[in-house]
Amino acid sequence: MAARTKFVLDEDQIPTQWYNVIADLPEPPPPPLHPGTLQPVGPDDLAPLFPQALIGQEVTTERYVDIPGEVLDVYRLWRPSPLYRARRLERALGTPARIYYKYEGVSPVGSHKPNTAVPQAYYNAAEGVGRLTTETGAGQWGSALAFACATFGLECEVWQVRASYDQKPYRKIMMETFGATVHPSPSDVTASGRAVLAEHPDSTGSLGIAISEAVEAAAPDPNARYALGSVLNHVLMHQTVIGEEALKQFELAEDVPDVIVGCTGGGSNFGGLVFPFLREKMAGRMSPVIRAVEPAACPSLTRGRYAYDFGDTAGLTPLLKMHTLGHDFIPDPIHAGGLRYHGMSPLMSHIYELGLVDAMAVGQQDCFAAGVRFARTEGIIPAPEPTHALAACVQEALRCKETGEEKAILTALCGHAHLDLPAYAAYLTGDMVDNELSDTTLEASLAGVPAGVS
Ligand SMILES: *Cc1c(COP(=O)(O)O)cnc(C)c1O
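Residues numbered from 1 in each chain as written. Predicted model: local features only at pLDDT ≥ 70, side-chain atom pairs only at ≥ 80, totals over all residues. Heavy atoms only, no water.

Caption draft 1: Focus on the sheet that holds strand 14 (residues 358-362). Sheet architecture is open: seven strands sit in the order 1-4-5-15-10-11-14, paired in mixed fashion. The open sheet terminates on both sides in strands that have one partner only, identified here as strand 1 (6-7) and strand 14. The pairing of strand 10 (residues 259-263) with strand 11 (residues 289-295) spans five bridges and is parallel. Note that in strand 11 the partner of Val261 across the bridge is Arg291. (Pairing = 2+ DSSP bridges. Helix = DSSP H or I, 4+ residues; strand = E, 2+ residues; numbered from the N terminus.)

Caption draft 2: Layout of unusual backbone geometry. With an omega dihedral of -10 degrees, the bond running from Arg79 to Pro80 counts as a cis peptide bond. Positionally, Pro80 belongs in the loop between helix 3 (69-75) and strand 4 (83-85). Residue Pro186 follows Ser185 across a cis peptide bond; omega there is 5 degrees. With respect to the helices, strands and loops of the structure, Pro186 is situated in the loop between strand 8 (181-185) and helix 9 (191-199). Positive phi, normally seen in glycine, also occurs at Val231, with a value near 70 degrees.

Caption draft 3: Local environment of the site of the ligand. Near the ligand lie 16 residues; those nearest to it are Lys113, Ser230, Gly265, Ser268 and Asn269. Measuring from an oxygen atom of the ligand, one finds a backbone N or O atom of Gly267 at 2.9 Å. Ser268 has a polar side-chain atom sitting 2.7 Å from an oxygen atom of the ligand. Expressed as a share of its isolated accessible area of 380 Å², the protein-covered part of the ligand is 97%. (Near = heavy atom within 4 Å. Polar contact = N/O pair within 3.5 Å; in protein donor to acceptor, adjacent residues only side chain to side chain. Areas by Shrake-Rupley, 256 points an atom, 1.4 Å probe, with all protein chains shown as cover.)

Caption draft 4: Summary view of the nonpolar core. Membership of the largest hydrophobic core comes to 35 residues, with the highest contact counts inside it found for Trp18, Ile67, Val71, Tyr75, Val118, Leu145 and Cys156. When residues of this core are traced back to their parent elements, those giving at least two are helix 3, helix 5 (114-126), helix 6 (140-152) and strand 7 (155-161). Broken down by element, the residue count for this core peaks at seven residues, all from helix 6. Look past the residues within four positions of Tyr75 in its chain and what remains in contact with it is Ile14, Trp18, Ile67, Pro114, Asn115, Pro119, His238 and Val241. (Core = buried A, V, L, I, M, F, W, Y, C linked by side-chain atoms within 4.5 Å. Buried < 20%, exposed > 50% of the residue type's maximum accessible area, 1.4 Å probe, protein only. Contact = heavy atoms within 4.5 Å.)

Caption draft 5: How the structure looks around the packing of helix 5 against helix 6. Contact geometry for helix 5 and helix 6: axes closest at 8 Å, N-to-C directions at 40 degrees. With respect to helix 6, the element helix 5 is oriented oblique. For the pair helix 5 and helix 6, the sense of crossing is right-handed. Contacts between helix 5 and helix 6 pair Pro114, Thr116, Ala117, Val118, Gln120, Ala121, Tyr122 and Ala125 from the former with Trp141, Ala144, Leu145, Phe147, Ala148, Cys149 and Phe152 from the latter. Split into classes, the residues belonging to the contact of helix 5 with helix 6 amount to 13 nonpolar, two polar and no charged. (Axes fitted to C-alpha atoms, helices over the stretch in contact; angles between N-to-C directions. Parallel < 35°, antiparallel > 145°, perpendicular 65-115°, else oblique. Left-handed = near helix turned anticlockwise from the far one by under 90°. Nonpolar A, V, L, I, M, F, W, Y, C, P; charged D, E, K, R; others polar.)

From the geometry alone we can't say anything about function, so treat these as descriptive.
Take a look at the structure:
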């Protein structure tokens, strides 16, 4: 029998529930705090920004949440997504390791982001909201929300980080094709944007600034709400469809992962893949090493401080207990735009503190080397973000080659690079550099973390 390389589920095997890992943790993550009172934020504080259903999901301690039928109908456009065994990459590396990747690039916008954009748009529409605002870094999240809003008849307004707005005109066209309005951030249409422009007219922007703009635009408008593409508990929970499918696909493969790696920006694709495996691990049914991989230029888990900080630059959000580089941190304009966030999801930060996952940082040249190697063997050009996971995966596979260990490695391939090809051009022409994040720069931005809140 020919060895299988692709593990495919039927449409009726799409998970019908999201998994809430909080139900199985030894203690819940610390709550978000109101920056004025320093008390935990309540539903009323969040109501101007999010619909009730999502506020409920943010704080629920139920282990499973049913996925609405309307959301499953949209998921069926591309789910279940395939799990592949990377046999050609294994052969090229000469490793005894078995490498698997769960591919989310099959979604309408080419990444995992629609897994949460669709339910977020659905719940807003169901509660009568007419317009959603958001930020986008690489353009993946903005595209996903624009698609989801088109599906449920909502208006969509996106603030795209300036650097990405200039580098990725096709993402803007994609968002506009789905009917969204796109502003470069910082923009002159919000007070937060104008404040940044006044000081830095040439600002290349950051996710923190773009979040301030999108929040500011939604909060006073009763017809509008804000949507976040990562970081929050409900976002990570929506992404667990990835891991639930991957578990079933590992059964088809008659294998069990020993190592799971994924890239982390705000933690959602990684959380989505690993939480169901973490559940199995905590229940003693498997024991994979679970590893988050972040950019050396924006290393919130490996070099950030675990403290309460703002989720945005202007300080409009609640205080979140997370691994942070400081809310004023402007990462170097590395090519993995989706990983340029100053913080890490509070839930993932908490899980890291509990010692349930480990973390490493990699420079972008190593990442793109792994991305090119992957493209030339497996035929998929990975988005710049998951090349971080692939770099870690290649490292692990080469370690196995030295030790002779036959490990099964699972990696999250959370998107393709069809609209990120200029990043590959920079790598292929030798124009890509690794900028070290200096201790001095890091200390300066950590000084902006609010003192004395714990
Ligand atoms: C947004 C994005 C990321 C980073 O966000 P996470 O919440 O950490 O997943 C990573 N990869 C891709 C392809 C993205 O679009």
